[in-house]
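Summary of structural features
Chain residues, written in single-letter form:
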Amino acid sequence: LYKCRCRCIKGEISEDFMKLNFGTVLFDFDGTLFDSSEGIFKSLKYAFRADNKPEPTDEELRRFIGPPIYDSFKSFYSYDDEKIDFMVEKYRERYREKGLWESRAYDGIPELLKKLRDCGVKTATASSKPEQFIISILKKNNLYDYFDYVGGVTFDEIRSDKTQIIENALKKLGSSKNDAVMVGDRKFDIDGAKGAGVPCIAVLYGFGSLEEFREHKADYIVSTPAEIEKLIISE
């Protein structure tokens, strides 16, 4: 465990020592840092219309948030590889133009990221979302500088393994798994963290459920970004 010196402003600047329970925090993106559902759902519906298929409901499309998009089209709709390539191309066609900006940081996330940076915690994303999309959204919302590394996938990756994404982020940061924690909102984050030997904080404000988190044995379950902070930094 580590101690950090954080500067707190309450009329004047004072210095308090706080204990860091984790020196590195990895974040999933969609459903954890940002509510990206509007842009994702509208872009998926655009793809289904391009394929002359009825639009799925928002509840059906919630399943797409978490796993790699290729896996979702194959698992949920049994599309072959050629059709998946078409659907992903159409999805990204709209997402690049409009969907990218139809997202917002969850309440409390900017404050959490600032606190982690002030306390010297290393932070990174570890997501199945394309890295360039993550970078664009973070920069648009003035949050990019809070991250030491942006981990995601490339546009030509058909499938991505969450454990490998987490391990790669740790390698890029020069961090040990013994000093790190993963924060996510789906079973894929929990399972990926377990595969990498890292504990996982599951967040209820995203797209997962309490039942899902208990079934996959999340190490911690929280309801707000403020509760994430309390698990990472102890006064």
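As shown above, the structure is provided for reference.
What comes next concerns the included structure. Fair warning: this is a prediction, and the values are worked out from it, not measured in the lab.

Observations regarding the sheet that holds strand E7 (residues 149-153)
Reading across the sheet, the 6 strands line up as E7-E6-E3-E8-E9-E10 and stay open at both edges, with parallel pairing between neighbours. Both outer strands of the open sheet, E7 and strand E10 (220-222), are each paired with one neighbouring strand and no more. Pairs of neighbouring strands in the sheet enclose a mean axial angle of 20 degrees, with direction left out of account. Bridge count for strand E9 (residues 200-203) against E10 is 3 bridges, and the pairing is parallel. Each bridged residue has a counterpart across the sheet, and for Ile201 the counterpart in E10 is Tyr220. Seen against the sheet, helix H10 (residues 225-232) touches strand E3 (24-27), strand E8 (180-184), E9 and E10 and runs at an angle of roughly 145 degrees to E10.

What about the pairing of E8?
The element E8 is extensively covered by neighbouring structure, given that 5 of its 5 residues are classed as buried. Along E8, one buried face is formed by Ala180, Met182 and Gly184 and the opposite face, lined by Val181 and Val183, is buried too. Direction of pairing for E3 relative to E8: parallel, over a ladder of 4 bridges. Note on E8: the bridge partner recorded for Phe27 is Val183. By the bridge criterion, 3 bridges tie E8 to E9 in an arrangement that is parallel. Within the sheet, the bridge partner assigned to Gly184 lies in E9 and is Ala202. Read from E8 through helix H8 (residues 187-196) to E9, the crossover connection turns out right-handed.

As for the packing of aromatic side chains
Within this structure, the stated rule accounts for 13 aromatic pairs. Ring pairing ties together the aromatic residues Phe48, Phe64, Phe73, Phe76, Tyr77 and Tyr79, which thus form one cluster. Across from the ring centre of Phe76, 4.2 Å away, lies the NZ or CZ of Arg63, which sits over that ring. Looking at Arg96, its charged tip hangs above the ring of Phe155, at a distance of 4.8 Å from the centre.

Conventions used here
- Residues numbered from 1 in each chain as written.
- Predicted model: local features only at pLDDT ≥ 70, side-chain atom pairs only at ≥ 80, totals over all residues.
- Heavy atoms only, no water.
- Pairing = 2+ DSSP bridges.
- Helix = DSSP H or I, 4+ residues; strand = E, 2+ residues; numbered from the N terminus.
- Axes fitted to C-alpha atoms, helices over the stretch in contact; angles between N-to-C directions.
- Contact = heavy atoms within 4.5 Å.
- Buried < 20%, exposed > 50% of the residue type's maximum accessible area, 1.4 Å probe, protein only.
- Right-handed = clockwise from strand over helix to strand, strands pointing away.
- Phe/Tyr/Trp six-rings, centres within 6.5 Å; stacked < 30°, edge-to-face > 60°.
- Lys NZ or Arg CZ within 6 Å of the ring centre and 35° of its normal.

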